[in-house]
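Remarks on the overall topology
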Amino acid sequence: AQTVTQSQPEMSVQEAETVTLSCTYDTSENNYYLFWYKQPPSRQMILVIRQEAYKQQNATENRFSVNFQKAAKSFSLKISDSQLGDTAMYFCAFMNPGRGNKLVFGAGTILRVKS
Amino acid sequence: DAGVTQSPTHLIKTRGQQVTLRCSPKSGHDTVSWYQQALGQGPQFIFQYYEEEERQRGNFPDRFSGHQFPNYSSELNVNALLLGDSALYLCASSLEGNNQPQHFGDGTRLSIL
């Protein structure tokens, strides 16, 4: 079974600085997808960034980028120029397309951006 | 373009009761998935519906059942409620097929007394 581990329950960062959230996963599959979702207090789960395992290039979306290390099964999220609106719970998630598109989530990391 | 909508937003029930939660998918989406998110935890996959059939199911008891209607909307039913069923229930919709991004609703907060 696939598992996703987020070892940092809470993180904090000063506004405008950079922060990295960690995620590791366990799978025997070679083809899969990894995601970072953001869940603010409003509760809605928002897709931040997505990475296909077959792509060596790390995904980037504006201030958000990932460091995907397939051999180490690591998938960290870097947030640059942190903004107050980035304060939220961040979830790392895994999907094996061979088993439908259900998402397997980690336990989450609370990120607080301080002014 | 309406996103995923869920109703009600908050619900309070007592042990042993039954509950029905509703979800309307994002316009154009035909696949609906349900997740349970206990307080302080990540969401856990309950099941997924496509073409009015349950296509995939997570590790949840038969007390959890669902339905998808011809207009792609969906219901989640939970019977014989337990205190441990207290959670945020999230609905996500997508287009059919692997690698389709899932769009989430705001969830229904279910509290069991």
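This report concerns the structure included in the present document. The model shown is predicted, which means the values in this text are computed figures rather than measured ones.

Comments concerning the overall build of chain A
The secondary structure content of chain A amounts to zero helices and 13 strands. Scaling as 2.2 N^0.38, a compact globule of 115 residues should have a C-alpha radius of gyration of about 13 Å, and chain A matches this with 14 Å. Seen along its three principal axes, the alpha-carbon backbone of chain A occupies a region of about 45 × 30 × 20 Å. Taking all 115 residues of chain A together, 50% fall into the buried category. For chain A, restricting intrachain contacts to residue pairs at least 6 apart in sequence, the fraction spanning at least 24 positions comes to 55%. Taken as a whole, chain A presents about 5500 Å² of accessible surface, with 44% of it coming from carbon and sulfur. A gap of 6 Å separates the mean positions of the 12 positive and 9 negative side-chain charges of chain A.

A look at the overall build of chain B
What chain B contains, in helices and strands, is zero helices and eleven strands. Its helices and strands taken in sequence order, chain B reads β-β-β-β-β-β-β-β-β-β-β from the N to the C terminus. For a compact globule of 113 residues, the expected C-alpha radius of gyration is about 13 Å, and chain B comes in at 13 Å, within 12% of that figure. Viewed in the frame of its principal axes, chain B has a C-alpha envelope of about 35 × 25 × 25 Å. Taken across its 113 residues, chain B has 50% of its residues classed as buried. Restricting to contacts in chain B with at least 6 residues of sequence separation, those with at least 24 account for 53%. Surface summary for chain B: the accessible area is close to 5200 Å², and the carbon and sulfur share equals 47%.

Considering the packing of aromatic side chains
Under the definition given, this model contains 15 aromatic pairs over all chains. Measuring from centroid to centroid gives 5.6 Å for Tyr35 of chain B and Phe45 of chain B, while their planes differ by 70°, and the two rings are edge-to-face. With Tyr35 of chain B in strand β4 (residues 31-37) and Phe45 of chain B in strand β5 (residues 44-50), this pair connects stretches of sequence that are ten residues apart. The pair formed by Tyr35 of chain B and Phe45 of chain B is uniform in burial state, with each residue classed as buried. Centre to centre, the rings of Phe60 of chain B and Phe64 of chain B are 5.1 Å apart; their planes meet at 65°, and the pair counts as edge-to-face. An aromatic cluster of at least three residues, connected via ring pairs, comprises Phe35, Tyr37, Phe91 and Phe105 of chain A together with Tyr35, Phe45 and Phe104 of chain B.

Things to note about the nonpolar core
What tends to happen in soluble globular proteins is that the nonpolar side chains get buried as a cluster. All names here are of chain A. Counting 26 residues, the largest nonpolar core has Tyr25, Trp36, Phe75, Leu77 and Tyr90 as the members making the most contacts within it. Sorting the residues of this core by element identifies β3 (19-21), β5 (33-39), β6 (46-52), β8 (64-69), β9 (74-79), β10 (88-95) and β13 (109-114) as the ones contributing at least two each. With four residues, β10 is the largest single contributor of residues to this core. If we ignore the near neighbours within four places in the chain, the residues touching Phe75 are Cys23, Tyr25, Leu34, Phe35, Trp36, Gln51, Val66, Asn67, Phe68 and Cys92.

Points about the interface of chain A and chain B
Across the contact, 20 residues belong to chain A and 26 residues belong to chain B. When the two sides are added together, the surface that chain A and chain B hide from each other amounts to roughly 1900 Å², 45% of it contributed by carbon and sulfur. It is Arg43, Asn101 and Lys102 of chain A that lose the most area in chain A upon contact with chain B, and together they represent 34% of the buried surface on that side. Put simply, chain A and chain B have zero salt bridges between them. Along the contact surface separating chain A from chain B lie seven residue pairs in polar contact (both at pLDDT 80 or more). The residue inventory of the side of chain A that touches chain B, partitioned by class, reads ten nonpolar, six polar and four charged.

Describing the environment of Ala1 of chain A
Tracing the backbone shows Ala1 of chain A in the segment before β1 (3-5). For the pair Ala1 of chain A and Ser28 of chain A, spaced 27 residues apart in sequence, the C-alpha separation works out to 8.6 Å.

Cut-offs and rules
Here the residue numbers are simple positions, counted from 1 along each chain's written sequence. Chain letters and ligand numbers both follow the written order, the letters beginning at A and the numbers at 1. Only residues with pLDDT of at least 70 get local features here, since the model is predicted, and only at 80 or more are side-chain atom pairs given and counted; chain-wide, interface and lining totals rely on the full set of residues. Hydrogens and water are ignored here; the side-chain numbers use all heavy atoms of the structure. Starting at the N terminus, helices and strands are each numbered in turn, a helix being any DSSP run of H or I of at least four residues and a strand any DSSP run of E of at least two. Atoms counted for the radius of gyration: C-alpha only. Globule rule: 2.2 Å times residue count to the power 0.38. Only protein chains enter the accessibility calculation, which uses a 1.4 Å probe; a residue is then buried when its area is under 20% of its type maximum, exposed when over 50%, and partly exposed in between. Only heavy atoms enter the contact rule, under which two residues are in contact if any of them lie within 4.5 Å. All accessibility values rest on the Shrake-Rupley procedure with a 1.4 Å probe; residue burial counts only the protein chains present in the view. Only four residue types enter the tally: Lys and Arg on the positive side, Asp and Glu on the negative side, with His and both chain ends excluded. To locate a charge, take atom NZ for lysine, CZ for arginine, CG for aspartate or CD for glutamate. When the centres of two rings from Phe, Tyr and Trp lie within 6.5 Å, Trp using its six-membered ring, the rings pair. Their planes under 30 degrees apart give stacked, over 60 give edge-to-face, and anything left gives tilted. Here, the term nonpolar core denotes a set of buried Ala, Val, Leu, Ile, Met, Phe, Trp, Tyr and Cys residues that are joined through side-chain atoms within 4.5 Å. By convention, the term buried area covers the 1.4 Å-probe accessible surface removed from two parts as they join, with the contributions of both added. One side-chain nitrogen of Lys or Arg within 4 Å of one carboxyl oxygen of Asp or Glu is enough to make a salt bridge. As used in this structure description, the phrase polar contact means that two N or O atoms lie within 3.5 Å; if the pair is within protein, one of them must be able to donate a hydrogen and the other to accept it, and residues adjacent in sequence are counted only when both atoms belong to side chains. Only Asp, Glu, Lys and Arg are considered charged, only Ala, Val, Leu, Ile, Met, Phe, Trp, Tyr, Cys and Pro nonpolar, and every remaining residue, Gly among them, polar.

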